[in-house]
Amino acid sequence: MRSLKKILFVVAILMALAISMSATSPEHETSRLLSQNYDRVVMTCDKYPKICHVKGSDCCNNKCVKLSTDGFNCGKCGKKCNYGKICCGGKCVNPRTNEKHCGKCGNKCNTGASCLYGMCSYA
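A brief look at the structure comes next. For clarity, every value in this text was computed on a predicted model and none was experimentally measured.

Quick look at the side chain of Asp70
- On the secondary structure map, Asp70 appears in the loop between strand S2 (63–65) and strand S3 (86–88).
- Among buried Asp, Glu, Lys and Arg side chains, Asp70 stands out as unpaired, with Lys63 the closest opposite charge at 8.6 Å.
- Once you skip the residues sitting within four places of it in the chain, Asp70 turns out to touch Val65 and Cys87.

Describing a nonpolar patch on the surface
- A contiguous nonpolar surface patch, about 500 Å² in accessible area, is contributed by Phe9, Val10, Ile13, Leu14 and Leu17.
- The exposure class of Val10 is partly exposed, given its relative accessible area of 45%.

Notes on the state of the cysteines
- Applying the stated rule across the entire model yields 6 disulfides.
- Here Cys60 connects covalently by a disulfide to Cys77, the sulfurs 1.9 Å from one another. Disulfide Cys60-Cys77: torsion about the S-S bond near -75 degrees, hence left-handed. Taken together, the residues span a long stretch of sequence, with Cys60 in strand S1 (residues 58–60) and Cys77 in the loop between S2 and S3 at a distance of 17 residues.
- Paired by a disulfide, Cys81 and Cys92 hold their sulfur atoms 2.2 Å apart. One quick way to see it: the torsion about the S-S bond of Cys81 and Cys92 is about -85 degrees, and its sign makes the bridge left-handed. Of this pair, Cys81 sits in the loop between S2 and S3 while Cys92 sits in strand S4 (residues 91–93), and the two are 11 residues apart along the sequence.
- On the basis of relative accessibility, which here comes to 14%, the residue Cys81 falls in the buried class.
- What makes Cys92 partly exposed here is its relative accessible area of 24%.

What counts, and at which threshold
Every chain's residues receive numbers from 1 upward, in the order its sequence appears when written. Residue-level local features of this predicted model are given only where pLDDT is at least 70; pairs of side-chain atoms are given and counted only at 80 or more, and the full residue set underlies all totals for whole chains, interfaces and linings. Side-chain numbers come from the whole structure's heavy atoms, not from hydrogens or water. The numbering of helices and of strands both runs from the N terminus, where a helix is a DSSP run of H or I of at least 4 residues and a strand a run of E of at least 2. Partly exposed residues are those whose accessible area sits between 20% and 50% of the maximum for their type, while under 20% is buried and over 50% is exposed, using a 1.4 Å probe and protein chains only. Charge counting treats Lys and Arg as positive and Asp and Glu as negative, with His and both chain ends excluded. Any Lys or Arg side-chain nitrogen found within 4 Å of a carboxyl oxygen on Asp or Glu counts as a salt bridge. Whether two residues are in contact is decided by their heavy atoms, any of which lying within 4.5 Å being enough. Residues forming no salt bridge and having over 30% relative accessible area are the ones grouped into patches, like charges within 9 Å of each other and nonpolar side chains (Val, Leu, Ile, Met, Phe, Trp, Tyr) within 5 Å. Every accessible area reported is derived by Shrake-Rupley at a probe size of 1.4 Å, with residue values counting cover from the shown protein chains alone. Counting rule for disulfides: a pair of cysteine sulfur atoms within 2.5 Å.

In structure tokens:
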């Protein structure tokens, strides 16, 4: 039984070593997490205007954005939501007090319930 535990331990150590060796690449000094997007080609809508319509968004400042949910382009390009507000359906709302978007977009409180601190019927 002890020899089986030792063998399993050695196999686990070898697997961990193999995984860590395969995660490092001599070409890039960045971590594996950061290098995943390293070789990705970025298509901007200034050169390809139809690319945004494929994704279901609009082109603002050469980037595809969703005007219904983007806090920096809420409802139209360049319209920023103030601090503490989020973009829901193209309008800036306060999710801490808005009964139609209580805590998040589309979370409607029941009739007669109020929204406080992002929760319906808090008190």
